Amino acid sequence: MGPWVASLSRCSPLSRNSRYENCRVTLYFPKCYLSQAYIVVGRSGALSEQTYVSKWAEPKKGHYGDSYDGEEKEEVALAKMPPGNAEAMSLEKADHQSTEPRETWGRRLEFVLASIGYAVGLGNVWRFPYLCYRSGGGAFLIPYLIMLFLCGIPLLFMEFAVGQYTRLGPVHAVAKICPLFKGVGLATVVISYVLCTYYNVLMTWALYYLLHSFSPSLPWQSCNNTWNAVGNCSTGFPGNATHLQSASQQFFDRKVLQMTTGIEHAGGVRWELFGLLVLAWAIVYFCIFKGVKSTGKVVYFTATFPYFILFALLINNVQLPGAKDGILFFLMPNWSKLLEVQVWVNAAAQIFNSIGISFGSMISMASYNKFNNNILRDTFIVSLANSATSIVAGFVIFSAIGYMAHIHNLPVDDIATDGPGLVFVVYPEVFSTMPVSQLWAPLFFIMLLCLGLDSQFAMVEVAVTFIMDGFGKKALQVFKRKELIVLLVCSVGFLLGIPHITRGGIYVFQLMDHYTAVVSLMFLAFFEVLAITLIFGVRRLSVMVENMLGKKPNFFFRVCWQFLSPMLVLGILISSIVQYTPARYGKSYTYPLWAEVVGWFISLVSIIWIPLGALHELWTTKGSLLQRLKKSLTPTIDLESVSEKPSSESIALFTAA
């Protein structure tokens, strides 16, 4: 009686040039319970004459009357093998014993919700509505949607494919795809981690506002508080009276931040914010310390709850007087704006920044998917949900701004703003005049917390994934548990966030945000797209997708990857360089020269890894300069053509005799 097949695992090639020569099967023999064999399969899918047993399971005594020494059998089998196959089996055995299976999302829905939660962040609430209004109102939706389909969806699909196929974080995934640009992966980890150190400061402010929302009366509602400068405080928006500040603006500046006059005057630590920063990082830690298993459960709430609040606010706001004027102001198309190049660049940049391409988070989260997860469907769900949220947020924000303009008899243009000022100054002022303000204020800041925490989870997870992929065994030998590694990552992020909660911290925050999210990001995005779509190539990328989904990406995606997306990213990069302006805070404060130097240093902290990675690869590769360059541009990832996979006929050869 011959062996019969219990299972056939996915084949792994011996080398880049020999595909499907090394397949592991699980066999059952009459005299042992479990065995594994290596079968040499030709490119046509036919079996060769030689079948090598790699390991015999020792049967229990009393069964079949024989006893087998597994190690001796393995050594004999290896000795009889050709050298190449024996070496491959030995390496595979060592690798199998030293690596643990990568954890995966509990359900596909968890991955989708986590991706939506990361993409839908505070920028959807405070940047898109203002950008839409400034760039032609309803007319801006035309370039926005065009850029979504030509740039956003194809590049998100690309990152999902890279992460899911390699099952690695951005550092090791990009290194396999294009060794010369392996520094791009490390740069994405650095920029994500730098961003998360000050992004959590926003969560700190939101917690501060949330706690004060439960006061008998909202503290930013009047000028009769100890922190108010009564002489220039206005209970509404001051309009053209530049010497006046609204009560909500003074609450933010004088109570929350207690801000100094500039970055050169750091002041002391705001201890209330210090405690809330500890709380914010504790929340992040306990949501991600078990990896995707814990994050996957948290996102059921954090990714869905903001939509309940957003729609509740929309229903409430559209009934307020003046809401119609604000919405019309938001949507009124100015068709002449479509002739301006900057409007199209703004649309592409908004899509790029909102979805979160080149931060490494999407690659990292997709790496925890099952190999055949339908990432094409997930790509459309995440992209369209992100854009729909931005548009709905626009209605919510401008209906409220229209109401405030009606109450204070001011033009909408005098109230409309973007950035932190919108959610921490304008909207709190709106709540102070709304019916049932004590209900809407806490709900709004809980919504902000959920929006921010989802993005924070993903950015911190990038750093954790990098450590576990690159130094997993060594790190676990030192820290014993992954939870302690996550604690270390969160603790360092907390320490790096302390400068932002000093009295001059808002200036540090603005400087970091400008040089990280504006300057560095587009450089990283360009080199990532260059490495994956142009050097690694659309053909190889298509093979990856075909292996996972069973069919190649359609003509639209291949054209976008090959031509349109790289051109758009290059256009955004050039526009960012040409239109570069130094960082500013508000309308009047300009940073001193030394602060600008620090800002460029912050940019270089992430960008510098791209040339350093290229130099390291060329230095460590053997051969002439031309040979080194050629090798460094050659991917080391194993790609298997679907047409060359073993057929059902070849598998049938293992049936019982």
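Residues numbered from 1 in each chain as written. Predicted model: local features only at pLDDT ≥ 70, side-chain atom pairs only at ≥ 80, totals over all residues. Heavy atoms only, no water.

Caption draft 1: Region of interest: the overall build of the chain. For the chain, the count of helices and strands is 25 helices and 8 strands. Split into buried and exposed, the 657 residues of the chain put 53% on the buried side. Contacts spanning at least 24 positions in sequence make up 78% of the contacts within the chain whose residues lie at least 6 apart. Put simply, the chain shows about 28400 Å² of open surface, and 64% of that area lies on carbon and sulfur atoms. (Helix = DSSP H or I, 4+ residues; strand = E, 2+ residues; numbered from the N terminus. Buried < 20%, exposed > 50% of the residue type's maximum accessible area, 1.4 Å probe, protein only. Contact = heavy atoms within 4.5 Å. Areas by Shrake-Rupley, 256 points an atom, 1.4 Å probe, with all protein chains shown as cover.)

Caption draft 2: A look at unusual backbone geometry. Within the chain, Q258 stands out as a residue other than glycine whose phi angle is a positive 50°. Summarising the element assignment, Q258 is placed in the loop between α9 (247-257) and α10 (271-288). In the Ramachandran plot, K480 falls in the positive-phi region, its phi being about 70° despite a non-glycine side chain. Its location among the elements puts K480 in the loop between α18 (437-479) and α19 (482-497).

Caption draft 3: Structural detail: the confidence of the model for the chain. Residue-level pLDDT values for the chain average 80, and 80% of them are 70 or greater. Low confidence marks residues 1-99, where pLDDT is under 50. Its contacts with residues over four positions away, or in another chain, come to 160 contacts. In this model, residues 641-657 is a region of pLDDT below 50 whose contacts with residues beyond four sequence positions or in other chains number 30 contacts. (pLDDT = per-residue confidence, 0-100.)

Caption draft 4: The arrangement of the state of the cysteines in detail. Scanning all chains against the criterion turns up 1 disulfide. Disulfide pairing is shown between C223 and C233; the S-S distance is 2.0 Å. In this structure, the disulfide formed by C223 and C233 twists by about -80° around the S-S bond and is classed as left-handed. With C223 in the loop between α8 (182-212) and β5 (233-234) and C233 in strand β5, this residue pair connects regions lying 10 residues apart in the sequence. Here C223 and C233 have matching classes, each one buried. The thiol sulfur of C490 is not disulfide-bonded, and the nearest other cysteine sulfur, from C196, lies at 8.0 Å. We classify C490 as buried; its relative accessible area is 3%. (Disulfide = S-S within 2.5 Å.)

Caption draft 5: Just helix α17 (residues 420-433), in detail. Between the first and last C-alpha of α17 there are 20 Å, a value that for 14 residues agrees with the 20 Å anticipated at 1.5 Å per step. Summarising burial for α17: 12 of the 14 residues are buried, a large majority. Residues of α17 that are buried include every one of P420, L422, V423, F424, V425, V426, Y427, P428, E429, V430, F431 and S432, and no others. (Expected span 1.5 Å × (residues − 1).)

Caption draft 6: Molecular detail of the environment of L449. Within the element layout of this structure, L449 appears in helix α18. For L449, a relative accessible area of 11% translates into the label buried. Separated by 169 residues in the primary sequence, L449 and A280 place their C-alpha atoms 9.4 Å from one another. Apart from the residues lying within four places of it in its own chain, the contact partners of L449 are M203, A206, L207 and L210.

Caption draft 7: Expanded view of the environment of F301. Within the secondary structure, F301 sits in helix α11 (residues 292-302). Assessed through its relative accessible area of 46%, F301 is described here as partly exposed. C-alpha separation for the pair F301 and G117, spaced 184 residues apart in sequence, amounts to 10.0 Å. Contact partners of F301, with chain neighbours within four places excluded, come to P306 and C450.

Caption draft 8: A nonpolar patch on the surface, seen in detail. A surface patch of nonpolar side chains, about 450 Å² in accessible area, is lined by L604, I608, W609, L612 and L615. When residues of the nonpolar patch are assigned to their parent elements, the largest contribution, 3 residues, is made by helix α23 (residues 609-620). Mapping L615 onto the fold places it in helix α23. Under the relative-accessibility criterion, L615 is labelled exposed at 56%. (Patch = residues over 30% accessible without salt bridge, like charges linked within 9 Å, V, L, I, M, F, W, Y side chains within 5 Å. Salt bridge = Lys/Arg side-chain N within 4 Å of Asp/Glu carboxyl O.)

Caption draft 9: Up close: the pattern of salt bridges. Throughout the structure, instances matching the rule amount to 9 salt bridges. Close ionic contact of K297 with E110 constitutes a salt bridge, the shortest N to O distance being 3.1 Å. Within this pair, whereas K297 is found in helix α11, its partner E110 is found in helix α3 (residues 108-119), the two being separated by 187 residues in sequence.

Caption draft 10: View of the packing of helix α12 (residues 305-317) against helix α16 (residues 375-408). Close contact between α12 and α16 brings their axes to 9 Å; oriented N to C, the two are set at 35°. Relative to α16, α12 is oriented so that their crossing is left-handed. Where α12 abuts α16, its residues Y307, L310, F311, L313, L314 and N317 lie against A385, T389, V392, A393, F395, V396, S399 and A400. The residue makeup of the contact of α12 with α16, split by class, is 11 nonpolar, 3 polar and no charged. (Axes fitted to C-alpha atoms, helices over the stretch in contact; angles between N-to-C directions. Left-handed = near helix turned anticlockwise from the far one by under 90°. Nonpolar A, V, L, I, M, F, W, Y, C, P; charged D, E, K, R; others polar.)

Caption draft 11: Layout of the side chain of S246. Inspection of the secondary structure puts S246 in strand β6 (residues 245-246). The exposure class assigned to S246 is buried, which follows from its relative accessible area of 4%. Within the local environment of S246, its side chain forms a polar contact with the side chain of S248, the two groups lying 3.1 Å apart. (Polar contact = N/O pair within 3.5 Å; in protein donor to acceptor, adjacent residues only side chain to side chain.)

Caption draft 12: Just the side chain of T516, in detail. For T516, the position within the fold is in helix α20 (residues 505-549). For T516, a relative accessible area of 3% translates into the label buried. Polar contacts involving the side chain of T516 include one to the main-chain carbonyl oxygen of M512, which spans 2.8 Å. If we skip the residues at most four places from it in the chain, T516 touches I191, V194, Y198, L521 and I602.

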